[in-house]
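Inside the fold
One-letter residues, chain by chain:
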Amino acid sequence: MKLDEKAWMAQFCQAVKDEFGGRIVCIGLQGSRGRGEEREDSDIDMVVVLDRVELEDLDRYRRVVANLPCRELLCGFVSGKEELLAWEPGDLFQFYHDTAPVVGDLEFLRGTFAREDASRAVHTGLCNLYHGCVHNYLHERDEALLAALYKSAAFTLQAIYWLKTGVYVKKHRELWLELTGEERSVLERVLAFRAGEEPDLEKDSALLLQWAGATLREGVKQY
């Protein structure tokens, strides 16, 4: 079934509003659809922030979205406001910038993360990418896992670029135009995988390992 995103979004928002009413702080869209870079089969990454969230609220949410068109594509994150305010600030940097609000906003998160939090997110991201690449190459040898690592690398590159320039470039293709060297090569592979190209376990592992390792060794202090 082809998704009419505008009609689907209106239906989703109305269903959530009917169920939770004034408890809604924000409804937003993340991921490739939030960036306008989706494929027909891309997930619909919805963010729903309520005043608070109990297990009963998750049951209610599951019930109201159960009969939506393309339910199998729906994923995302449901949270209480106070929990987000207490969240790891490095994660909030990406969460705030990657969410396109549809109802309400996330302005209550402004000021909850600082430059050093984004820097820590970059450092953690690079460490995870390096470890994941080594582990996959030695033990799993899974091309799908390698593609997932590259997807994570795109978010690390967004944070690096923000630290360098103060500009958060949301669309990966637009960011690719701004990058040079290995950073550009890594993001180019992200775009290639999204377009359907299969990873080359040897070459793509080598590129990711080289970039993550070199950035950890030489560049992490500047972030």
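Residues numbered from 1 in each chain as written. Predicted model: local features only at pLDDT ≥ 70, side-chain atom pairs only at ≥ 80, totals over all residues. Heavy atoms only, no water.

Take the overall build of the protein chain next. Helix and strand content of the protein chain: 10 helices and four strands. For the protein chain, the α and β elements follow one another from N to C terminus as α-β-α-β-α-β-α-α-β-α-α-α-α-α. Computed over its C-alpha atoms, the radius of gyration of the protein chain comes to 19 Å, within 12% of the 17 Å expected for a compact globule of 223 residues. With respect to the three principal axes, the spread of C-alpha positions in the protein chain is 50 × 40 × 35 Å. The burial tally for the protein chain puts 48% of its 223 residues in the buried class. Sequence-distant contacts, at least 24 apart, represent 69% of the contacts inside the protein chain between residues at least 6 apart. Entry remark: accessible area of the protein chain is about 11,600 Å², with carbon and sulfur atoms responsible for 50%. (Helix = DSSP H or I, 4+ residues; strand = E, 2+ residues; numbered from the N terminus. Rg over C-alpha atoms; globule rule 2.2 N^0.38 Å. Buried < 20%, exposed > 50% of the residue type's maximum accessible area, 1.4 Å probe, protein only. Contact = heavy atoms within 4.5 Å. Areas by Shrake-Rupley, 256 points an atom, 1.4 Å probe, with all protein chains shown as cover.)

What follows is about the pairing of strand 3 (residues 74-80). On a regular strand, each side chain points to the face opposite its neighbour's, so the side chains alternate between the two faces of the sheet. When strand 2 (residues 44-50) meets strand 3, the two strands line up parallel, connected through seven bridges. Bridge pairing in strand 3 places Asp45 opposite Cys75. The parallel pair strand 2 and strand 3 is bridged by helix 3 (residues 55-65), and the resulting crossover is right-handed. (Pairing = 2+ DSSP bridges. Right-handed = clockwise from strand over helix to strand, strands pointing away.)

Take unusual backbone geometry next. Backbone geometry at Cys70 places phi at a positive 55 degrees, although glycine is not the residue there. With respect to the element layout, Cys70 can be found in the loop between helix 3 and strand 3. Residue classification places Cys70 among the buried residues on the basis of a relative accessible area of 6%.

Attention now goes to the state of the cysteines. Throughout the structure, instances matching the rule amount to zero disulfides. Note on Cys13: no disulfide assigned, nearest cysteine sulfur contributed by Cys26 at a separation of 9.6 Å. Residue Cys13 is classed as buried on the basis of its relative accessible area, which comes to 6%. Free cysteine Cys133: the closest other cysteine sulfur is in Cys127, separated by 14 Å. (Disulfide = S-S within 2.5 Å.)

Within the open sheet, the four strands sit side by side as 3-2-1-4. Their pairing is mixed. The sheet is open, and its two borders are formed by strand 3 and strand 4 (100-104), each paired with just one other strand. With direction set aside, neighbouring strand axes in the sheet form an average angle of 20 degrees. The sheet contact formed by strand 1 (residues 24-30) and strand 2 spans six bridges and is antiparallel. Opposite Leu29, over in strand 2, you have Met46 as the bridge partner. Set on the sheet, helix 3 makes contact with strand 2 and strand 3; between it and strand 3 the angle comes to about 150 degrees. Sheet strands touched by helix 5 (residues 89-98): strand 1, strand 2, strand 3 and strand 4. Its angle to strand 1, the strand with the most contacts, is close to 80 degrees. (Axes fitted to C-alpha atoms, helices over the stretch in contact; angles between N-to-C directions.)

Looking now at the packing of helix 6 (residues 115-140) against helix 7 (residues 143-165). Close contact between helix 6 and helix 7 brings their axes to 9 Å; oriented N to C, the two are set at 160 degrees. Here helix 6 lies roughly antiparallel to helix 7, going by the angle between them. The interaxial crossing formed by helix 6 with helix 7 has left-handed handedness. In this structure, helix 6 uses Arg115, Ala118, Ser119, Val122, Gly125, Leu126, Leu129, Gly132, Cys133, Asn136 and Glu140 to contact helix 7, whose residues at the interface are Leu145, Leu146, Leu149, Ser152, Ala153, Thr156, Ala159, Ile160, Trp162 and Leu163. (Parallel < 35°, antiparallel > 145°, perpendicular 65-115°, else oblique. Left-handed = near helix turned anticlockwise from the far one by under 90°.)

So, on to the environment of Gly196. Examined against the element boundaries, Gly196 turns out to sit in the loop between helix 9 (181-194) and helix 10 (201-219). The spacing of Gly196 and Thr156 is 40 residues in sequence and 22 Å in space, taken between C-alpha atoms.

Attention now goes to the packing of aromatic side chains. Counted by the stated rule, this structure contains nine aromatic pairs. Judged by centre distance (6.3 Å) and plane angle (80 degrees), the rings of Phe12 and Tyr61 are edge-to-face. Placement of Phe12 in helix 1 (residues 5-20) and of Tyr61 in helix 3 is noted, with a sequence separation of 49 residues between them. When the ring of Phe77 is compared with that of Trp87, the centres are 5.6 Å apart and the planes differ by 75 degrees; the resulting orientation is edge-to-face. Placement of the pair is Phe77 in strand 3 and Trp87 in the loop between helix 4 (81-85) and helix 5, with a sequence separation of 10 residues. Chaining the aromatic ring pairs together yields one cluster made of Phe93, Tyr96, Phe113, Trp162 and Tyr168. Here the guanidinium or amino end of Arg141 rests over the ring plane of Tyr137, the centre of that ring lying 4.7 Å away. (Phe/Tyr/Trp six-rings, centres within 6.5 Å; stacked < 30°, edge-to-face > 60°. Lys NZ or Arg CZ within 6 Å of the ring centre and 35° of its normal.)

Spatial relationships are all this shows, so hold off on functional conclusions.
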